[in-house]
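Chains, contacts and geometry: an overview
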Amino acid sequence: MDYEKNDIVGINNKNYLVLDVIRNKQNMYLYLINNDEFENDVSIIKVNDNNGLVEFSQIENEEEFDFVLGKLFIDYRSDIEEYIEE
């Protein structure tokens, strides 16, 4: 269960491109975009390891979600600033 940027992950018969991987303690989160030709479906999911069986779930804890979102803003700060300046 080791995901990296640019990996392809299959969820519900759709392929997603991993844009970023956020790790916090023993938790892993993936920032994904749909990799199909005509869709722009993005999501943040939590990766759960149940005795070797990988499961994906929504982030239901608000603190957890705020941490992940904050980390994404830090990781992409220069891109966000550049977008705002234009």
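Residues numbered from 1 in each chain as written. Predicted model: local features only at pLDDT ≥ 70, side-chain atom pairs only at ≥ 80, totals over all residues. Heavy atoms only, no water.

All right, on to the nonpolar core then. In a soluble, globular protein the nonpolar side chains are often hidden away together inside. The biggest cluster of nonpolar side chains holds 11 residues, and these are Tyr 3, Val 9, Ile 11, Tyr 16, Val 18, Val 21, Met 28, Leu 30, Leu 32, Ile 45 and Val 47. Every element with two or more residues in this core is listed here: strand E1 (8–11), strand E2 (14–24), strand E3 (27–34) and strand E4 (42–50). When near neighbours in sequence (up to four residues on either side) are disregarded, Val 21 contacts Tyr 3, Glu 4, Lys 5, Met 28, Tyr 29 and Leu 30. With 6 residues, the next largest nonpolar core counts Ile 22, Tyr 29, Ile 44 and Leu 72 among its residues. (Core = buried A, V, L, I, M, F, W, Y, C linked by side-chain atoms within 4.5 Å. Buried < 20%, exposed > 50% of the residue type's maximum accessible area, 1.4 Å probe, protein only. Helix = DSSP H or I, 4+ residues; strand = E, 2+ residues; numbered from the N terminus. Contact = heavy atoms within 4.5 Å.)

To continue, consider the side chain of Glu 64. The topology assignment puts Glu 64 in helix H1 (residues 62–75). For Glu 64, a relative accessible area of 18% translates into the label buried. Not counting chain neighbours up to four residues away, the residues in contact with Glu 64 comprise Asn 27, Tyr 29, Lys 46 and Ile 59.

Here we come to the pattern of salt bridges. The final tally for this structure, using the stated rule, is 3 salt bridges. We note a salt bridge from Arg 23 to Asp 2, for which the minimum N-O separation is 2.9 Å. Residue Arg 23 is found in strand E2, and its partner Asp 2 is found in the segment before E1; the two are separated by 21 residues along the sequence. A single salt-bridge network, built from bridges that share partners, covers Asp 2, Glu 4 and Arg 23. (Salt bridge = Lys/Arg side-chain N within 4 Å of Asp/Glu carboxyl O.)

Considering the arrangement of structural elements, one finds Leu 32 in strand E3. What makes Leu 32 buried here is its relative accessible area of 0%. Beyond its immediate sequence surroundings of up to four residues, Leu 32 is in contact with Ile 11, Tyr 16, Leu 17, Val 18, Leu 19, Asp 41, Val 42, Ser 43 and Ile 45.

Here H1 spans 20 Å end to end across 14 residues, near enough to the 20 Å set by a 1.5 Å rise per residue. The complete set of buried residues in H1 reads Glu 64, Val 68 and Leu 72. The arc that holds every buried residue of H1, seen down its axis, measures 75°, which confines them to one face. Across H1 from its buried face, at more than 90 degrees, point the exposed residues Glu 62, Glu 63 and Ile 74. Taking the backbone nitrogen of Glu 63 as reference, a side-chain oxygen 2.7 Å away marks Asn 61 as the first, capping residue of H1. (Expected span 1.5 Å × (residues − 1). Arc of directions from axis to C-beta. Polar contact = N/O pair within 3.5 Å; in protein donor to acceptor, adjacent residues only side chain to side chain.)

That is the geometry; function is a separate question.
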